[in-house]
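Structural characterization, general
Here is what each chain is made of, one letter per residue.
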Amino acid sequence: MRVLAAGLSLLLIFQLLPVQALAQDQGGLNLVIVEGEGAINNIRQRTAREPIVQVEDENHKPVAGAAVVFLLPNQGASGAFANGARSLTVMTDNQGRAVARGFHPNSVQGKLQMRVSASYQGKTASATISQTNVAVAAAGAAAAAGISAKLIVILAVAVAAVAGGVVAATRGGSSTPAATPTTITPGTGTVGAPH
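Thresholds applied
- Residues numbered from 1 in each chain as written.
- Predicted model: local features only at pLDDT ≥ 70, side-chain atom pairs only at ≥ 80, totals over all residues.
- Heavy atoms only, no water.
- Helix = DSSP H or I, 4+ residues; strand = E, 2+ residues; numbered from the N terminus.
- Contact = heavy atoms within 4.5 Å.
- Polar contact = N/O pair within 3.5 Å; in protein donor to acceptor, adjacent residues only side chain to side chain.
- pLDDT = per-residue confidence, 0-100.
- Salt bridge = Lys/Arg side-chain N within 4 Å of Asp/Glu carboxyl O.
- Buried < 20%, exposed > 50% of the residue type's maximum accessible area, 1.4 Å probe, protein only.
- Core = buried A, V, L, I, M, F, W, Y, C linked by side-chain atoms within 4.5 Å.
- Pairing = 2+ DSSP bridges.
- Axes fitted to C-alpha atoms, helices over the stretch in contact; angles between N-to-C directions.

**So, the environment of Ser78**
Here Ser78 lies in the loop between β4 (67-71) and β5 (79-80). On a C-alpha basis, the gap between Ser78 and Gln131 in space is 9.3 Å, while along the polypeptide they are 53 residues apart. In this structure Ser78 touches Leu72, Pro73, Arg86, Pro105, Asn106, Leu112 and Asn133, once residues within four positions along its chain are discounted. Within the local environment of Ser78, its side chain forms a polar contact with the backbone oxygen of Pro73, the two atoms lying 2.7 Å apart.

**Considerations on the confidence of the model for the chain**
Averaged over every residue, the pLDDT of the chain is 73; residues scoring 70 or more account for 55%. Contacts from residues 1-27, a stretch scored under 50 in pLDDT, to residues over four places away or in other chains number four contacts. Confidence drops under a pLDDT of 50 for residues 137-153, and excluding neighbours within four residues, the segment shows eight contacts in the predicted structure.

**Quick notes on the pattern of salt bridges**
One pass over the structure, following the stated rule, counts three salt bridges. In this structure, Glu50 and Arg101 form a salt bridge, with 3.8 Å as the shortest nitrogen-oxygen distance. A residue pair is termed long-range when its members are at least 10 positions apart, and Glu50 in the loop between β2 (40-42) and β3 (52-56) and Arg101 in the loop between β7 (97-99) and β8 (104-105) qualify at 51 residues. A relative accessible area of 29% means that Glu50 is categorised as partly exposed. For Glu58, the salt bridge is made with Lys123, and the minimal N-O distance between the two is 3.9 Å. Note that Glu58 is positioned in the loop between β3 and β4 and Lys123 in strand β10 (residues 123-134), a separation of 65 residues in sequence. With a relative accessible area of 40%, Glu58 lands in the partly exposed category.

**Quick word on the nonpolar core**
Burial of nonpolar side chains together is a common tendency in soluble globular proteins. Core analysis: the biggest nonpolar cluster contains 23 residues, and Leu31, Val53, Val55, Val68, Phe70, Phe81 and Val116 have the highest contact counts within it. Where this core is concerned, the elements lending two or more residues are β3, β4, β6 (87-91), β9 (110-120) and β10. Top element by residues in this core is β9. It accounts for four residues. In this structure Val55 touches Leu29, Asn30, Leu31, Lys61, Pro62, Val63, Ala66, Val68, Thr92, Gly96 and Ala118, once residues within four positions along its chain are discounted.

**Brief notes about the sheet that holds strand β1 (residues 30-35)**
Pairing between the strands of a sheet is mediated by backbone hydrogen bonds and can be parallel or antiparallel. What the three strands build is an open sheet, ordered β1-β3-β7; its pairing is antiparallel. The open sheet has two edge strands with one neighbour each: β1 and β7. Neighbour-to-neighbour, the strand axes of this sheet turn through a mean angle of 25°, independent of strand direction.

Shown next, in the form of structure tokens:
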């Protein structure tokens, strides 16, 4: 009778345990973001860094053949994959990696939150890849501010010349005569069509 009562008590305890607790005891997956986190997407050129994730088991070993789903927001800063869809399912390779090939941003500026989930033999993991869609890249920012590439080169040469003059002037005690100070006067920059 005691054995039966103990068995019923044990059965009752297992029925009350949440299913998630049992799945965690069996071990889960780890989802590691390899590339794409913090990326800046150029919406004018519609270029972006393709997100790459790695799926690992509970011992941090790569899991080949796991299904990875990349999911983009339906509105706001977002994008699409090569097929024009907002979701893409990829199987991991032998290194446990999945690449969201063909991703390109939409024309909305702002923060983009790409959700990623992986599943393998009943085990799951999820993560979020944060990126930013911007209209002007860093190289284009100088041009947008009216600074020509020619002026940037002139300023860089001027700074190097001044630095060289400072080094030469501070080398006291050498047999060479002291350098005379060099004055650099910047001219006016012009913006126009290339020559």
